[in-house]
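Here is how the chains run, residue by residue.
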Protein chains: 2
Amino acid sequence: VEFMLRGLGMIGTSMGLALAGEGRRIGYDPDPRHAALALARGAVDALTGDPQEAAEVVLLCGPPQAVLADVARPLPGAALVLDVASVKVPVMAAVHPELPFVGGHPLAGREHSGPEAGEGAMFRGQPFFLVPALGREELLPMAERIVQALGALPVRVGAEEHDAMLALTSHLPYLLARSLIRAAAELPEVAKGPGFASMTRPGLSPEALWQEILALNRGPVREAWRRLQAEVEAALNAAD
Amino acid sequence: VEFMLRGLGMIGTSMGLALAGEGRRIGYDPDPRHAALALARGAVDALTGDPQEAAEVVLLCGPPQAVLADVARPLPGAALVLDVASVKVPVMAAVHPELPFVGGHPLAGREHSGPEAGEGAMFRGQPFFLVPALGREELLPMAERIVQALGALPVRVGAEEHDAMLALTSHLPYLLARSLIRAAAELPEVAKGPGFASMTRPGLSPEALWQEILALNRGPVREAWRRLQAEVEAALNAAD
């Protein structure tokens, strides 16, 4: 198998490291520093300057807006294109009918970013959601084999269900963590104990990436926020 | 110095363990299993069945409602009474004028409870808030020496300031974590990734204790909740 890794940040670099020995890995990143570092770390075997270069398996590991642009056109020469965006409905809606695409989302990651934060073990034992495109269900077994090669657990899910679940378990928690950090910005550090640290850790992830995710999944995130508000209000009323 | 530890759960047991070698430690807990386990773990030198037994230094380590009852009466024979409740305004308001009291709150703890969760190192390097009662400022140096014996860092603060800070950095985070767990109760575990785990960890603390804290600090917690809602709404509007 030949792999093309498009996007060599934390996730792309981790994928490349995890796929060592599975086949030749070619990498591309618009940031030459990221590309060079991923190569130096052994996450890819070679670099290309052509973002549209194909391979048997193409892994779209860039941020959501880059994925949205990438899936909108066909890619002759690719047998499977798999992405990693945390939001699936807008991605599935943008897929070109000729693209052999399966939507993906590894439930992994840290509050870090960049190729220096990549780890070959990042996906080990973690769920990896797979969303088949309409009429492309025959690609699922191949996508599942790649997920298993990463050490992850393939979980088939519909795009709407995925985005509603993740709004509540990932996107809203990030938003709460980030908002707590902001609301407490002027308080002395001495008041921020172990609970605060644990609770706000997800809010330390890269803000630009999260702005994209929130914008692309704002309907389900608003719905999750309404549910959380109802739970908090009920608890506050019970305390009165 | 002779210490009386009233309440031998996680915090009282940790204090007893940390004070080993500082003086004789007598313990009391209304739950005989807790008392026996704290003794067996070496957190106290002896047990008493009299909750009103005095000693030179009395440490009130029970839940907030027990502390409120304890501080409302004098305690002849005590040179210093120090509590550990996470809420200070209601405690300071309940203090009997003849009680040699200093309000305390160690910013430590885990999402566990009971004497089995006690650790002598729990307070090491952590802030320990101290709130002097009106006209009792002369007790502060003695309270600070005990805090230092625990390995903690004494931080003087007013009761109102303390409760407003902790509403935002501790009580609201707990409430958010608990509410997130409830809102996501019906979702499959597979959707709950590392961010969700980190964010909801504070919500695993004992619910009964937290109900007391929320009820006693509901004004500042409601104010913190309003501030957080404003931050979240601003971020959601920015994503539209």
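Colleague: Got a sec to walk through the sheet that holds strand β5 (residues 80-83) of chain B? Specific residues and values, please.
Modeller: Residue and element names in this part refer to chain B. Spatially, 8 strands are ordered β3-β2-β1-β4-β5-β6-β7-β8 in an open sheet, and the strand pairing comes out mixed. With one partner strand each, in any of the chains shown, β3 (46-47) and β8 (153-156) form the two edges of the open sheet. The sheet contact formed by strand β1 (residues 2-6) and strand β4 (residues 57-60) spans 4 bridges and is parallel. For F3, the partnering residue across the bridge sits in β4 and is V57. Lying over the sheet, helix α1 (residues 10-18) contacts β1, β2 (24-28), β4 and β7 (127-132), oriented at roughly 165° with respect to β1. Contacting β6 (101-106) and β7, helix α6 (residues 159-183) crosses the sheet at an angle of about 145° to β7.

Colleague: Please give an account of the sheet that holds strand β1 (residues 2-6) of chain A that cites residues and values.
Modeller: Residue and element names in this part refer to chain A. Here 8 strands make up an open sheet; going across it, the order is β3-β2-β1-β4-β5-β6-β7-β8 and the pairing mixed. Of all the strands in the sheet, just β3 (46-47) and β8 (153-156) have a single pairing partner and so form its edges. Summarising the sheet, strand β7 (residues 127-132) and β8 pair through 4 bridges and their orientation is parallel. Its bridge partner lying in β8, L130 is registered against R156. Taken strand by strand, helix α1 (residues 10-18) contacts β1, β2 (24-28), β4 (57-60) and β7, and its axis lies near 165° from that of β1.

Colleague: Describe the relation of the copies chain A and chain B, listing the residues and the values that go with them.
Modeller: Expressed as a screw operation, the relation of chain A to chain B combines 0.0 Å of axial shift with a rotation of 180°, fitting to an RMSD of 0.0 Å. In the structure described here, the two chain copies are related by an operation that fits a two-fold rotation axis. Identified as the residue of chain A closest to the rotation axis by C-alpha distance is M199(A), at 2.1 Å. A high fraction, 100%, of the interface residues of chain A reappear at the interface in chain B, so the copies pair face to face through one surface.

Colleague: Describe helix α8 (residues 207-216) of chain B, listing the residues and the values that go with them.
Modeller: Inspection of α8(B) places W210(B), E212(B), I213(B) and L214(B) among the buried residues, and these make up the whole buried set. Contact partners of the buried residues in α8(B): α9 (218-239) of chain A together with α3 (64-71), α6 and α9 (218-239) of chain B.

Colleague: Can you break down the pattern of salt bridges residue by residue, with the values?
Modeller: This structure, assessed with the given rule, holds 26 salt bridges over all chains. Note that R222(B) is salt-bridged to D240(A), the shortest N-O span being 3.1 Å. Taken as a pair, R222(B) in helix α9 and D240(A) in the segment after α9 lie in two separate chains rather than in one. Given a relative accessible area of 54%, D240(A) falls into the exposed group. Where R178(B) meets E207(B), a salt bridge forms, and the shortest distance between an N and an O atom there is 2.9 Å. Remark: E207(B) occurs in helix α8 and R178(B) occurs in helix α6; sequence separation between them is 29 residues. Several salt bridges converge on common partners, so that one network encompasses R218(A), R222(A), E233(B) and D240(B).

Colleague: Let's hear about the interface of chain A and chain B: which residues, and what values?
Modeller: Listed per partner, the contact involves 49 residues of chain A and 49 residues of chain B. When chain A packs against chain B, close to 4,600 Å² is buried across both sides, 70% of that on carbon and sulfur atoms. Our count for the chain A to chain B interface comes out at 6 salt bridges. Along the contact surface separating chain A from chain B lie 14 residue pairs in polar contact (both at pLDDT 80 or more). For the side of chain A that touches chain B, the secondary structure elements donating two or more residues are β7, α6 (159-183), α7 (194-200), α8 (207-216) and α9 of chain A. No other element matches α9(A), which puts 14 residues into the side of chain A that touches chain B. A per-class count over the side of chain A that touches chain B returns 32 nonpolar, 8 polar and 9 charged.

Colleague: Now, about the packing of aromatic side chains: what can you tell me, with residues and values included?
Modeller: Residue and element names in this part refer to chain B. One pass over the full model with this rule turns up 3 aromatic pairs over all chains. Judged by centre distance (4.1 Å) and plane angle (10°), the rings of Y174 and W210 are stacked. One end of the pair, Y174, is in helix α6; the other, W210, is in helix α8, and 36 residues separate them in sequence. Given a relative accessible area of 3%, Y174 falls into the buried group.

Colleague: Any chance you could break down the packing of α6(A) against α6(B) for me, citing the residues and the numbers?
Modeller: Contact geometry of α6(A) with α6(B) gives a least axis separation of 12 Å together with a crossing angle of 170°. As judged from the angle between their axes, α6(A) and α6(B) are roughly antiparallel. Listed contacts from α6(B) to L168(A), L172(A), P173(A), L176(A), L180(A) and A183(A) of α6(A) are L168(B), L172(B), P173(B), L176(B), L180(B) and A183(B). Of the residues contributing to the contact of α6(A) with α6(B), the split by class is 12 nonpolar, no polar and no charged.

Colleague: So what about the packing of α6(A) against α8(A)? Which residues, and what values?
Modeller: Residues and elements named next belong to chain A. Packing of α6 against α8 leaves a shortest axis separation of 11 Å and a crossing angle of 130°. Accordingly, the angle class assigned to the pair α6 and α8 is oblique. Between α6 and α8 lies a crossing whose hand is left-handed. Between α6, through S170, H171, Y174, L175, R178 and R182, and α8, the contact on the second element is made entirely by E207, W210, I213 and L214.

Colleague: Describe the environment of G7(A), and please don't skip the residues or the numbers.
Modeller: Residue and element names in this part refer to chain A. Within the element layout of this structure, G7 appears in the loop between β1 and α1. Overall, the relative accessible area of 9% leaves G7 in the buried class. G7 sits 19 residues away from I26 along the chain, and the two C-alpha atoms are 11 Å apart. Once you skip the residues sitting within four places of it in the chain, G7 turns out to touch G12, Y28, D29, C61 and G62.

Colleague: So what's going on with helix α5 (residues 140-149) of chain A? Residues and values would help.
Modeller: Residues and elements named next belong to chain A. Here α5 has its buried residues at L140, M142, A143, E144, I146 and V147. Buried positions along α5 lie against β1, β4, β5 (80-83), β6 (101-106), β7 and β8. G151 occupies a position one or two residues after α5 and carries a positive phi of about 90°.

Basis of the calculations
- Residues numbered from 1 in each chain as written.
- Chains lettered and ligands numbered in written order.
- Predicted model: local features only at pLDDT ≥ 70, side-chain atom pairs only at ≥ 80, totals over all residues.
- Heavy atoms only, no water.
- Pairing = 2+ DSSP bridges.
- Helix = DSSP H or I, 4+ residues; strand = E, 2+ residues; numbered from the N terminus.
- Contact = heavy atoms within 4.5 Å.
- Axes fitted to C-alpha atoms, helices over the stretch in contact; angles between N-to-C directions.
- Least-squares fit on C-alpha atoms with pLDDT ≥ 70 in both.
- Buried < 20%, exposed > 50% of the residue type's maximum accessible area, 1.4 Å probe, protein only.
- Salt bridge = Lys/Arg side-chain N within 4 Å of Asp/Glu carboxyl O.
- Buried area = accessible area lost by both parts, 1.4 Å probe.
- Polar contact = N/O pair within 3.5 Å; in protein donor to acceptor, adjacent residues only side chain to side chain.
- Nonpolar A, V, L, I, M, F, W, Y, C, P; charged D, E, K, R; others polar.
- Phe/Tyr/Trp six-rings, centres within 6.5 Å; stacked < 30°, edge-to-face > 60°.
- Parallel < 35°, antiparallel > 145°, perpendicular 65-115°, else oblique.
- Left-handed = near helix turned anticlockwise from the far one by under 90°.

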